[in-house]
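# Structural overview
What follows is the residue order along each chain.
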Amino acid sequence: MGDGKGNEKCYIVASSAPRAVVAVRDQSQACIQNKYATLVEKGVIPALPEMKTWQGDATARPDLVDMNCSAFTSNNWLVTIRQPVNPTAASSVTYIDMQTGFVWAGYVGPDGSVVDVEYIR
């Protein structure tokens, strides 16, 4: 899906997502909540919604034969996940709070390890 201006979207929010995608989302969220708990308590960064409140799905883009893309929303949050078809490659994850502009980006490896790349508040 695109707008004709090169702003392609890699997700469609729908009913349910595969377990592997949900696992990547939940592992990255647990990492963020643990690593930044003090900053959340101090009000420096916004708290993430409860895991059970996310809604979304995974979809394949016809132009990306080696990757599946997913999106989840909850309140003012958007999570995008790009998961390679290759099971030995890491998934790219981005969390965006559309109200505050907070952004977290990282990777989740096939073993569940989370690499924290950056956060912007």
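Going by the structure above, here's the rest.
Reference entry: report on the structure contained in this document. (Residues numbered from 1 in each chain as written. Predicted model: local features only at pLDDT ≥ 70, side-chain atom pairs only at ≥ 80, totals over all residues. Heavy atoms only, no water.)

## Remarks on the environment of A20
Checked against the element boundaries, A20 lands in helix α1 (residues 19-35). Using a relative accessible area of 45% as the deciding quantity, one classes A20 as partly exposed. Through-space distance from the C-alpha of A20 to that of P110 is 9.5 Å; in sequence the pair is 90 residues apart. (Helix = DSSP H or I, 4+ residues; strand = E, 2+ residues; numbered from the N terminus. Buried < 20%, exposed > 50% of the residue type's maximum accessible area, 1.4 Å probe, protein only.)

## Remarks on the nonpolar core
Here is a general trend for soluble globular proteins: nonpolar side chains tend to be buried in one another's company. Within the largest apolar cluster, 16 residues are counted, with the highest numbers of intra-cluster contacts made by V79, I81, V93, Y95 and W104. Sorting the residues of this core by element identifies α1, β3 (77-84), β4 (91-97) and β5 (103-108) as the ones contributing at least two each. In contact with Y95, other than residues within four places in its own chain, are R25, S28, Q29, I32, L48, W54, W77, L78, V79, F102, V103 and W104. (Core = buried A, V, L, I, M, F, W, Y, C linked by side-chain atoms within 4.5 Å. Contact = heavy atoms within 4.5 Å.)

## Digging into the pairing of β3
A regular strand carries its side chains on alternate faces of the sheet. For β3, the tally of buried residues reaches 7 of 8 residues, placing the bulk of the element in the interior. Pairing between strand β2 (residues 67-74) and β3: 8 bridges, direction antiparallel. Across the sheet, residue M67 finds its bridge partner in β3, namely P84. What sits between the antiparallel neighbours β2 and β3 is a turn of 2 residues, in which N75 has the positive phi angle 55 degrees. Connecting the antiparallel pair β3 and β4 is a turn made up of 6 residues. (Pairing = 2+ DSSP bridges.)

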